[in-house]
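Observations on chain architecture
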Amino acid sequence: MLSPPDADAVRHTPVDDAQGLAIGVFICALGLTFLAHLGFLTGQTAGVALIISYLTGWSFGLVFAVINLPFYWLAWRRMGLEFTLKSLGCVFALSLLVDLLPHWLAFERLTPLLGTVVFGVLTGLGLLAIFRHRGSLGGLGVLALLAQDRLGIRAGYVQLAVDIVLFAVAFFLFPGHVVAYSLLGAVVLNGVIAVNHRRDRYIAT
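By the secondary structure assignment, L146 is in helix α6 (residues 140-151). Taking relative accessible area as the criterion, L146 reaches 16% and is therefore assigned buried. Residues L146 and L74, spaced 72 residues apart in sequence, show a C-alpha to C-alpha distance of 9.8 Å. Residue contacts for L146: discarding those within four places in its chain leaves R78, M79 and L151.

Printed below as a string of structure tokens:
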């Protein structure tokens, strides 16, 4: 289970959680829309889903939802029912939004550097909101949060290590510039999480 909260911590209400998770998911979906428009990649489960989507033409949302299925058991056993249900809702909402946003948003001009940085910042902030309301986007994010709570290793550092492996494989599947820009986005994203996601700085539960 997650570490027990401090007795003096300010607890989130259900409304707080619903708002925080909804905003976090929306920001993440917006960041992924920037990334997908450029044809770039990201790390973690979303990165695997993007690779499969690019190579097969299948819907990102569908692939992302299916890939996450095995992780719900781990989330339930190790992180609790509340965390699992919140994560399930976040994954479903993100899968839907990432498929819908391109129909509502168009880019006349978006440079690779700007798009990559915007993706990293937006998605990092979105994940922070989700984490701070005891949710996740499933997949490897569950493992990262588990490592932080059980081993004291910051979630951003765990995700960055996994990303390095994923991008090493991507070099064999995609052009070098695609992987290079994508790696920059992952560094920005995980930097936002690593610097800001600390239990000693945020005590609301």
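So that's the structure; there's more coming.
As a rule of thumb, soluble globular proteins bury nonpolar side chains together. In terms of nonpolar packing, the biggest core is built from 39 residues, with L32, F60, F64, L94 and L137 touching the most fellow members. Sorting the residues of this core by element identifies α1 (14-38), α2 (44-56), α3 (60-79), α4 (81-104), α5 (112-132), α7 (155-170) and α8 (176-196) as the ones contributing at least two each. When residues of this core are assigned to their parent elements, the largest contribution, 8 residues, is made by α1. Those residues within four positions of L32 in sequence are excluded, and the remaining contacts are T42, L50, F60, L94, V98, F119 and T123.

Looking now at the pattern of salt bridges. Using the criterion set out here, one finds 2 salt bridges in the structure. The residue K86 makes a salt bridge to D17 at a minimum N-O spacing of 3.0 Å. Here the residue K86 occupies a position in helix α4, and D17 occupies one in helix α1, the gap between them amounting to 69 residues. Residue K86 is classed as buried on the basis of its relative accessible area, which comes to 15%. Residue E82 pairs with K86 through a salt bridge whose shortest N-O separation is 2.7 Å.

What counts and what doesn't
- Residues numbered from 1 in each chain as written.
- Predicted model: local features only at pLDDT ≥ 70, side-chain atom pairs only at ≥ 80, totals over all residues.
- Heavy atoms only, no water.
- Helix = DSSP H or I, 4+ residues; strand = E, 2+ residues; numbered from the N terminus.
- Buried < 20%, exposed > 50% of the residue type's maximum accessible area, 1.4 Å probe, protein only.
- Contact = heavy atoms within 4.5 Å.
- Core = buried A, V, L, I, M, F, W, Y, C linked by side-chain atoms within 4.5 Å.
- Salt bridge = Lys/Arg side-chain N within 4 Å of Asp/Glu carboxyl O.

Shape is all these values report; function is a separate question.
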